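Listed here are the chains, written in short residue letters.
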Amino acid sequence: MSLSFEGRVVLVTGAGGGLGREYALAFAERGASVVVNDLGADVKGGGKNSAAADKVVEEIRAKGGKAVANYDSVEDGEKIIQMALDAFGRIDVVVNNAGILRDRSFARTSDLDWDLIHRVHLRGSFLVTRAAWNHMKNQKFGRIIMTTSAAGIYGNFGQANYSAAKLGMLGLANTLAIEGRKYNIHCNTIAPVAGSRLTETVMPPDLVASLKPEYVAPLVLWLSHDQCQENGGLFEVGAGWIGKLRWERSQGLIVRKKNQPMNPEAVRDKWDKICDFTDATKPISIEESLQSVVSVLSRVDSEGDVGMNPTASTSGINPAEAVGKKLPRTTFSFNHTQCILYALGVGMSTRDPDHLRFLYEGHENFSCLPTFGVIPSQDAMMGGGLSSVPGLNIDFTQVLHGEHYLELYKPLPTSGKLTSEATVADVLDKGSGAVILLDVNTYSGDELVCYNQFSVFVVGAGGFGGKRSSEKTKAPLPPPQRTPDAVVIDSTTRDQAALYRLSGDWNPLHIDPSFAALAGFKAPILHGLCSFGFAARHVLKQFADNDPSRFKAIKVRFVKPVMPGQSLQTEMWKEGNRIYIQCKVKETDAVVLSGAYVDLYDSSDASLEKNIPGGGLQSELVFAEIGHRIKDLGSELVKKVNAVFGWEITKDGKSTAQWTIDLKNGSGSLHKGPYKGKVDVTFTVSDEDFMEVVQGKLNPQKAFFSGKLKVRGNIMLSQKLEVILKDYAKL
């Protein structure tokens, strides 16, 4: 589907020619109302002329588009935005494209050369964007494009003034991306390489002619669209090529020792190591940048020169000894009480009738929430098993749960005894810490029920010379670059952590204010696995009708803590049977779960058949699917069918299940077990033959005449079954 800007109002500064003209034409062609701003000055900022903007507006209108011309300087940002409001009633997109050049070698750069460049590029972008900012905040939407250049990123001879202003625009954009995020205002920066009056001074004519502005405009339009969720990005673009840039930092080295002065000779002697980009890190925030510096304070006691992370002997990590080692086996015995307590712990409530199947042991479809699968496995972590592993001499007060993956091989039982076996799958050196991958397989008897992978980050335990990545990692994945397909907002309670901890996570960080204060929190925080449970059940309700048999796997990265009482906002993107998710705190817009996804089993019986517990009936899955259809189309089916159908399913010659499909009363319903009302027609068939009919392998007429399918009641009504079972049966 093509990208449309119908109903959007776009301002392009410097739109009288070159890139700006191309942007304005492209936006207008896709339905946007465009404010074409251009002062009409020459390349050095002199003069003023309305012809350039007028000509572009005429081009747009000649093609049936909507546009107005504006001739104000970008230093009159308020006037420009007011024109957009007067002409079109709103402002949605600002493309800061206006620019001039006053190239001089640094020694010859005058005050005017410096000031005029900054007034147009940096100050002008600030004033125009500031004028639009509150309007974007109020409407909860805005897209801002800043235009930097290769000169700003890398520097260029004769362009000190221009380079400084252009890199300043990148810094401005990065902060706007942070401040605007919670208002759905995204700000990105482009460094275009295109033929224009500004590039004529630094490129040969034939190259200028070949680098067409039309090869840059598509990126600007995508970054400006509401489907694009990119925010705070920096992109080089030209000739049809687009690349994203990010900062890179060497591992670095600590060159001071406790109670000794730091001197330049130590810096000189270790300069090669300081500048070594082997296993470089890629910080993306001030927090990540400061983390490495602050962590130095806890490691200065080390003898000798150390990297940003402790040496092998300091860290106590030896992958060769640890990897492959098994932890002591753990056993978890439980009944329906623990299942219900867990469901309450992750926010389920009797206020929602759909939750009753997870909260009431007497419910006909009583089930265990799929994410309960983390509970029996966490004993391997919390029971002290890691401390028994050779090569993992770590400080357990510095252990953080970084990521988690859970996969189910069958629906979880609601009671019984489960046994878990944990293995250290890998140990990674992340510089500022170590990552331990712990694989836990959980069995019911000899049958594998679920698999968990704990990704455990040990602060300050890196620097032992290990590898940084592993093929054994269940990697997090970013969501699609478009608006979410569904958003669910759910409030936690002040007692959410106190309730969740009863499922077995007794860390005082989640209940004791004094302990939380020692960890740097104002109050006890919510368990990451509690937020994990909230997000998973949001997906289960939104895309799987709360059917736990549809749930296959979930992966999350824990980013930031949640305070009990805050609201969790789960954003979901459906791509086939994979649901990408991102979870935020609604009140702060802070992302708490990232790189996350849930995999679902397909709803068809063929895909779900492998998920049936041993000894179960295959037909149950078909009736479950019929139940989903009735929920979605019940009223419509009642009008078409107006009958009640009964099914008796047998196995080994014995009646094992009864189902009633009521499409006569209300909006329709599906019942399992004895039915008190009147049934119009009843079918009796074995579970095996039922599936043969459903899959089209057995003709229903042949089944009837051969005695495999028995019918009593109004046999003519069987013709209406196709309405119910289409896509699943040939009846």
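By the naming in an unreviewed UniProt entry, the protein chain goes by Peroxisomal multifunctional enzyme type 2 and is assigned to Channa striata. Check the Pathway (unreviewed entry) section of the UniProt entry for the protein chain; it says "Lipid metabolism; fatty acid beta-oxidation."

Draft legend 1. View of the side chain of Thr419. By secondary structure assignment, the location of Thr419 is in strand 13 (residues 416–429). For Thr419, a relative accessible area of 17% puts it in the buried group. When sequence neighbours within four positions are dropped, the list of residues in contact with Thr419 reads Arg329, Thr330, Thr331, Asn441, Thr442 and Tyr443.

Draft legend 2. Seen up close, the packing of helix 1 (residues 18–29) against helix 8 (residues 217–224). At a closest axis distance of 9 Å, the pairing of helix 1 and helix 8 adopts a crossing angle of 55°. The orientation of helix 1 with respect to helix 8, classified from their angle, is oblique. Every pair of crossing elements has a handedness; the one defined by helix 1 and helix 8 is right-handed. Contacts between helix 1 and helix 8 involve Glu22, Tyr23, Ala26 and Phe27 from the first element and Ala217, Val220, Leu221 and Ser224 from the second. Residues belonging to the contact of helix 1 with helix 8 are distributed by class as follows: six nonpolar, one polar and one charged.

Draft legend 3. Representation of the sheet that holds strand 4 (residues 93–96). Spatial strand order, 3-2-1-4-5-6-7-8: eight strands in an open sheet with mixed pairing. For this open sheet the edge positions go to strand 3 (66–70) and strand 8 (241–245), each flanked by a neighbour on one side alone. Each adjacent strand pair in this sheet contributes to an overall mean axis angle of 20°, direction not counted. Taken together, the four bridges between strand 4 and strand 5 (residues 142–147) define a ladder with parallel strand orientation. What sits directly across from Val93, in strand 5, is Arg143.

Draft legend 4. Layout of the sheet that holds strand 21 (residues 643–651). Strand order across the open sheet formed by five strands is 23-22-21-24-25, with mixed pairing between neighbours. Pairing within the sheet leaves two strands with one partner each, and these edge strands are strand 23 (669–672) and strand 25 (709–713). This sheet shows a mean twist of 20° between the axes of neighbouring strands, independent of strand direction. As paired elements, strand 21 and strand 22 (residues 654–663) share nine bridges and run antiparallel to each other. Within strand 22, the residue paired with Lys651 across the bridge is Lys654. Helix 22 (residues 619–641) rests against strand 21, strand 22 and strand 23 of the sheet, and its axis sits at about 25° to strand 22. Relative to strand 24 (residues 681–686), helix 23 (residues 687–694) is tilted by about 105°, and along the sheet it contacts strand 21 and strand 24.

Draft legend 5. Quick peek at the packing of aromatic side chains. On inspection of all chains with the given rule, the structure shows 12 aromatic pairs. Measuring from centroid to centroid gives 6.1 Å for Phe623 and Trp647, while their planes differ by 65°, and the two rings are edge-to-face. With a gap of 24 residues between them, Phe623 in helix 22 and Trp647 in strand 21 connect regions that are remote in the sequence. Residues Phe623 and Trp647 agree in their burial class; the two are buried. An angle of 25° between the planes, with centres 4.7 Å apart, marks the rings of Trp647 and Phe683 as stacked. Of this pair, Trp647 sits in strand 21 while Phe683 sits in strand 24, and the two are 36 residues apart along the sequence. For the pair Trp647 and Phe683, a shared accessibility class is recorded, and that class is buried.

Draft legend 6. Broad picture of the pairing of strand 12 (residues 399–408). Counting buried positions along strand 12 yields seven of 10 residues, so the element is predominantly enclosed. Looking at chain direction, strand 12 and strand 17 (residues 551–558) are connected through five bridges and run antiparallel. Across the sheet, residue Leu406 finds its bridge partner in strand 17, namely Ile554.

Draft legend 7. Examining the pattern of salt bridges more closely. What the rule picks out here adds up to 28 salt bridges. Across the pair Glu75 and Arg123 runs a salt bridge, and its minimum N-O distance is 3.3 Å. Remark: Arg123 occurs in helix 4 (residues 111–139) and Glu75 occurs in the loop between strand 3 and helix 3 (77–88); sequence separation between them is 48 residues. On the basis of relative accessibility, which here comes to 26%, the residue Glu75 falls in the partly exposed class. For Arg123, a relative accessible area of 42% puts it in the partly exposed group. When the shortest N-O distance is used, the salt bridge between Asp680 and Lys664 registers 3.4 Å. With Asp680 in the loop between strand 23 and strand 24 and Lys664 in the loop between strand 22 and strand 23, this residue pair connects regions lying 16 residues apart in the sequence.

Draft legend 8. Representation of the pairing of strand 16 (residues 486–491) in the model. Only one face of strand 16 is buried: it carries Ala486, Val488 and Asp490, and the other face, with Val487, Ile489 and Ser491, is open. Summarising the sheet, strand 16 and strand 18 (residues 567–575) pair through six bridges and their orientation is antiparallel. When the bridges of strand 18 are listed, Val488 appears paired with Thr570.

Draft legend 9. Broad picture of the packing of helix 1 against helix 2 (residues 51–62). Running from amino to carboxyl end, helix 1 crosses helix 2 at an angle of 25°, the nearest separation of the two axes being 10 Å. With respect to each other, helix 1 and helix 2 are oriented roughly parallel. Seen along the crossing, helix 1 lies across helix 2 with a hand that is right-handed. Contact with helix 1, carried on its side by Arg21, Ala24, Leu25 and Ala28, involves Val56, Glu59 and Ile60 of helix 2 and no other residues of that element. A per-class count over the contact of helix 1 with helix 2 returns five nonpolar, no polar and two charged.

Cut-offs applied
- Residues numbered from 1 in each chain as written.
- Predicted model: local features only at pLDDT ≥ 70, side-chain atom pairs only at ≥ 80, totals over all residues.
- Heavy atoms only, no water.
- UniProt positions renumbered as here; feature names shortened; annotations may be inferred.
- Helix = DSSP H or I, 4+ residues; strand = E, 2+ residues; numbered from the N terminus.
- Buried < 20%, exposed > 50% of the residue type's maximum accessible area, 1.4 Å probe, protein only.
- Contact = heavy atoms within 4.5 Å.
- Axes fitted to C-alpha atoms, helices over the stretch in contact; angles between N-to-C directions.
- Parallel < 35°, antiparallel > 145°, perpendicular 65-115°, else oblique.
- Left-handed = near helix turned anticlockwise from the far one by under 90°.
- Nonpolar A, V, L, I, M, F, W, Y, C, P; charged D, E, K, R; others polar.
- Pairing = 2+ DSSP bridges.
- Phe/Tyr/Trp six-rings, centres within 6.5 Å; stacked < 30°, edge-to-face > 60°.
- Salt bridge = Lys/Arg side-chain N within 4 Å of Asp/Glu carboxyl O.

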